[in-house]
Amino acid sequence: MGIDESGSPETGAKPTARRLGAAFLGLLHSHVELFGIELQEQKARTVSLLLFAGLALVFGLLLLVGLSALVLILVWDTYRLAGIIGLCLFYLLAALFCGLRLKAAIYDESSPFHATLEELANDRERLLP
């Protein structure tokens, strides 16, 4: 065992630092890889949700137009004004309900990258004494 230029003994400080660096890079690589996988899954889920939400909206609107026309045809002779007002009130209440649900969904605090954050927390617990 000799002494290096800095005055400290050569007991393997460089190999320990290399192993620590390699372990850190290994952890970083696995976390970045997990983040990438979760990002791809989230992207695919979002595209699927948007597609089906759009289709549901189109078909729902077509159904509402058809049902509104049917109701107005049925009540046209006797309750014309009441039928129109009733449909407008129904649409107003439905729009308010959907708007409130949308606001609640936007402010939902759930994290889309739960597994990555959980792994980082586990690593922090393992590394800290």
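Computed from a predicted structure; not experimentally measured. (Residues numbered from 1 in each chain as written. Predicted model: local features only at pLDDT ≥ 70, side-chain atom pairs only at ≥ 80, totals over all residues. Heavy atoms only, no water.)

Colleague: What is the right way to read the overall build of the chain from this model?
Modeller: Each helix and strand counted, the chain has three helices and zero strands in total. Secondary structure elements of the chain, listed N to C terminal, follow the sequence α-α-α. When each of the 129 residues of the chain is scored for burial, the buried share is 6%. Considering only intrachain contacts with a sequence separation of at least 6, the fraction spanning at least 24 residues in the chain is 53%. Accessible area of the chain: about 11200 Å², with a carbon and sulfur share of 72%. (Helix = DSSP H or I, 4+ residues; strand = E, 2+ residues; numbered from the N terminus. Buried < 20%, exposed > 50% of the residue type's maximum accessible area, 1.4 Å probe, protein only. Contact = heavy atoms within 4.5 Å. Areas by Shrake-Rupley, 256 points an atom, 1.4 Å probe, with all protein chains shown as cover.)

Colleague: Looking at this structure, I do not really get the UniProt feature "transmembrane region" (unreviewed entry) in the chain. What am I missing?
Modeller: Under the UniProt annotation, the feature "transmembrane region" (unreviewed entry) is placed at residues 20-37, 49-75 and 81-100. With 100% helix and 0% strand, residues 20-37 has end C-alpha atoms that lie 26 Å from one another. Span residues 49-75 is 100% helix and 0% strand, its end C-alpha atoms 38 Å apart. (UniProt positions renumbered as here; feature names shortened; annotations may be inferred.)

Colleague: What am I meant to see in the confidence of the model for the chain here?
Modeller: Segments scoring low in pLDDT should not have their predicted coordinates read at a detailed level. Across the chain, pLDDT averages 81, with 86% of residues at or above 70. Helix α2 (residues 80-106) holds the highest mean pLDDT among the elements of the chain, 90, whereas helix α3 (residues 114-127) holds the lowest, 74. (pLDDT = per-residue confidence, 0-100.)

Colleague: Looking at this structure, how should I read the layout of surface pockets?
Modeller: A probe as big as a water molecule, rolled over the atoms, marks out the empty space that is left. Volume-wise, the largest pocket comes out at about 170 Å³. Lining the largest pocket are R45, L102, A105, I106, D108 and S110. Sort the elements by how many residues they give to the lining of the largest pocket and α2 lands first, with three residues. For the lining of the largest pocket, the per-class residue count stands at three nonpolar, one polar and two charged. (1 Å grid on protein atoms, 1.4 Å probe; cavity = no way out; pocket = protein on both sides within 12 Å on 5 of 7 lines; lining within 4 Å. Points joined across faces, edges and corners; volume = space filled by probe spheres on them. Nonpolar A, V, L, I, M, F, W, Y, C, P; charged D, E, K, R; others polar.)

Colleague: Help me understand a nonpolar patch on the surface in this model?
Modeller: On the surface, L51, F52, L55, V58, F59 and L62 cluster together into a nonpolar patch covering about 630 Å² of accessible area. Note that F59 resides in helix α1 (residues 13-75). Judged by its relative accessible area of 56%, F59 is exposed. (Patch = residues over 30% accessible without salt bridge, like charges linked within 9 Å, V, L, I, M, F, W, Y side chains within 5 Å. Salt bridge = Lys/Arg side-chain N within 4 Å of Asp/Glu carboxyl O.)

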